[in-house]
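Overview (structure and organization)
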Amino acid sequence: MWWNPKVEIFRREIRAFAEEVVAPVAQRMDETSEFDSDLLQQLRDRHLLCLLCPVEYGGPDYDTLTYVVAVEELSRICGSTGITVAAANSLGVWPVANFGSKAQKEMVLPGAVTEGHVIVFGLTEPGAGSDAGGTKSAASRQDGDWLLNGSKCFITNPHFAEWIIATAVTRPGEGKHGISSFVFHKSTTGFSVGKREHKLGLHGSDTATLHFDNIRLSAGALFGPEGEGFKQFMKTLDGGRIGIGAMALGLAQGALDIAIEYAGKRRQFGRPIADQQAIQWKLADMATQIEAARHLVYQAADTKDKGGSFARQSAMAKLYASEVGRFCTYQAIQILGGAGYMTANRVERHYRDVKLCEIGEGTSEIQRIVIARHLLKDFERAVEPAATREVAATEPVEI
Ligand code: COS
């Protein structure tokens with residue numbers, strides 16, 4: 001259905017890159033909490049940070065499915081590399097390509113291709129996490145310009161970012177319809193990035209706070225129409241969630257691959273532990289769930305590529321893949337036993353890294369809300385409006 005030889009060739013290339021270039025530095029990045037600068041340069045040179053950039057701006061213009069395979073394969077070896085690539089593409093390049101004006105695209109996208117410039121997305125605030133509409137950062141008009149104040153937290157990639165997109169309230173009192181977005185360069189006076197956050201996992205991935213202190217922006221910095229910021233970012237997150245699903249999938253697959261290899265080699269009671277049904281059942285459950293998650297993630301990507309409505313699929317893909325990721329990395333540690341608890345065997349890193357997938361770009365609880373709302377919307381459509389019905393309003397409805 002969504003399998004195609006071009007994507008599989010690309011998968012092999014990324015797998016080789018991940019094993020030859022990412023694997024040797026992944027553990028060190030976890031220990032030092034620093035993204036490797038040579039690896040970052042390689043991601044730039046190979047256009048992995050701009051996979052989704054349209055061809056008219058010089059980009060490779062890959063489809064979502066190909067992008068998802070890249071994130072999956074990188075995460076199979078290193079979650080920090082997976083999220084760095086996922087965020088740069090789906091939260092950076094994609095919104096600029098889809099919501100930016102022609103001038104903004106010309107300003108930002110060519111550099112993302114030729115120089116590997118990273119674009120970051122600032123939505124989350126201390127008081128606006130799941131409730132993204134609770135944004136407090138604000139921009140007010142001043143002499144034809146905008147004056148932006150506020151802050152954003154838990155932002156991915158800010159220390160290597162060139163461009164910032166941020167949401168802010170421009171029409172107080174209008175709720176979500178009063179939120180707009182702005183795009184500006186990192187050198188803009190009043191912009192600063194806080195120190196790196198210490199996290200449970202994804203240590204190599206750069207996470208920090210953005211500060212906006214009286215940033216003066218020209219009218220041209222407004223990103224799309226005023227008041228559309230909330231919807232733009234909801235749409236961006238619909239796509240971003242497929243990337244997080246792919247990340248969870250890769251982390252799960254990496255853990256399974258290690259567990260299979262270990263179970264074949266590790267001998268106890270005079271034979272490989274792979275001979276024990278207890279181990280075989282774990283491996284079988286892991287592989288089955290990974291395959292199901294892969295179908296959901298690829299299907300969401302394929303639906304997006306075909307231009308269909310994909311918010312429900314992307315929420316399902318992220319929700320399921322991230323829970324599968326938690327299950328599989330947990331089981332992999334169990335199969336490796338004491339060796340799995342040690343950092344040398346990588347599965348404990350995958351276990352810590354995958355937890356983010358149940359939180360970032362919308363918690364699992366938010367994904368369930370999104371899915372349920374779609375189900376109930378269908379239900380509402382299936383029920384005749386009360387005003388046109390002849391039966392009593394209290395009559396039970398058959399579904
Ligand atoms: N695509 C396009 N438009 C969307 C949309 C989407 N996926 N989701 C909502 N909207 C629109 C709605 O149609 C509505 O438009 P109108 O007011 O014109 O009718 C508007 O946005 C407000 O929607 P709603 O009232 O449903 O918003 P809620 O505050 O109830 O929020 C959830 C809905 C909870 C789903 C949303 O806030 C959310 O996804 N929160 C999680 C945020 C998140 O993931 N944060 C992590 C960021 S990490 S980068």
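Residues numbered from 1 in each chain as written. Predicted model: local features only at pLDDT ≥ 70, side-chain atom pairs only at ≥ 80, totals over all residues. Heavy atoms only, no water.

Take a nonpolar patch on the surface next. Residues L375, L376 and F379 make up a contiguous nonpolar surface patch of about 280 Å² in total accessible area. With respect to the helices and strands, L376 occurs in helix α11 (residues 364-382). (Patch = residues over 30% accessible without salt bridge, like charges linked within 9 Å, V, L, I, M, F, W, Y side chains within 5 Å. Areas by Shrake-Rupley, 256 points an atom, 1.4 Å probe, with all protein chains shown as cover. Salt bridge = Lys/Arg side-chain N within 4 Å of Asp/Glu carboxyl O. Helix = DSSP H or I, 4+ residues; strand = E, 2+ residues; numbered from the N terminus.)

Turning our eyes to something else, we now look at the nonpolar core. Counting 114 residues, the largest nonpolar core has F184, V297 and I335 as the members making the most contacts within it. Counting residues per element, this core draws most heavily on helix α6 (residues 229-265), at 17 residues. Non-local contacts of F184, meaning those with residues more than four positions away in its chain, are made with L148, E162, W163, I164, A166, F191, F212, I215 and L217. (Core = buried A, V, L, I, M, F, W, Y, C linked by side-chain atoms within 4.5 Å. Buried < 20%, exposed > 50% of the residue type's maximum accessible area, 1.4 Å probe, protein only. Contact = heavy atoms within 4.5 Å.)

Along the polypeptide, A128 turns up in the loop between β1 (118-122) and β2 (138-142). With 227 residues separating them in the primary sequence, A128 and K355 have C-alpha atoms 20 Å apart. Other than its neighbours up to four places away in sequence, A128 contacts L123, G134 and T135.

What follows is about the domain arrangement of the protein chain. Parsing the protein chain into structural domains produces domain 1 (5-116), domain 2 (121-227) and domain 3 (231-392). Between domain 1 and domain 3, the C-alpha centre-to-centre distance is 21 Å. Facing the 25 residues of domain 1 at the interface are 29 residues of domain 3. Interface of domain 1 and domain 3: buried area, both sides summed, is about 2,300 Å²; carbon and sulfur atoms make up 58% of it. Inspection of the domain 1/domain 3 interface yields 3 salt bridges. (Domains from an automatic or database assignment. Buried area = accessible area lost by both parts, 1.4 Å probe.)

Turning next to the site of the ligand. The full set close to the ligand counts 20 residues, and S130, H177, K231, D238 and R373 are the nearest of them. In this structure, K176 approaches the ligand through a side-chain N or O atom, which is 2.9 Å from an oxygen atom. Burial of the ligand by the protein amounts to 69% of the accessible area it has alone, namely 1,000 Å². Elements represented by at least two residues in the shell around the ligand include exactly α6 and α11. No other element matches α6, which puts 7 residues into the shell around the ligand. In terms of residue class, the shell around the ligand is made up of 8 nonpolar, 5 polar and 7 charged. Mapping the shell around the ligand onto the domain boundaries places at least three of its residues in each of domain 2 (121-227) and domain 3 (231-392). (Near = heavy atom within 4 Å. Polar contact = N/O pair within 3.5 Å; in protein donor to acceptor, adjacent residues only side chain to side chain. Nonpolar A, V, L, I, M, F, W, Y, C, P; charged D, E, K, R; others polar.)

On the surface, E56, D61, D63 and D305 cluster together to form a negatively charged patch. Residue D305 is classed as partly exposed on the basis of its relative accessible area, which comes to 32%. (Lys, Arg positive; Asp, Glu negative; His and termini not counted. Charge placed at Lys NZ, Arg CZ, Asp CG, Glu CD.)

Before going further, it helps to spend a moment on the pairing of β2. Sheet topology places β2 next to strand β3 (residues 145-156); 5 bridges connect them, and they run antiparallel. Residue pairing for β3: A139 is matched across the bridge by L148. (Pairing = 2+ DSSP bridges.)

Between side chains of opposite charge, pairing is possible as soon as their charged atoms come close. Applying the stated rule across the entire model yields 26 salt bridges. With a closest N to O distance of 3.1 Å, R216 and D145 form a salt bridge. Of this pair, R216 sits in strand β7 (residues 207-217) while D145 sits in strand β3, placing them 71 residues apart in sequence. Judged by its relative accessible area of 21%, D145 falls in the partly exposed class. E261 is the partner of K265 in a salt bridge, and the nearest nitrogen-oxygen pair spans 2.8 Å. With K265 and E261 both in helix α6 and 4 residues apart, the pair spans about one turn of that helix. Given a relative accessible area of 61%, K265 falls into the exposed group. Through salt bridges with shared partners, one network takes in E8, R11, R15, E72, E73, E291 and R294.

A few words now on the environment of F121. Following the sequence through the fold, F121 ends up in strand β1. A residue is classified by how much of its surface remains accessible, and F121, at 9% relative accessible area, is buried. Taking the C-alpha atoms as reference points, F121 and H203, 82 residues apart in sequence, are found 19 Å from one another. When sequence neighbours within four positions are dropped, the list of residues in contact with F121 reads L91, I155, I165, F233, T236 and L237.

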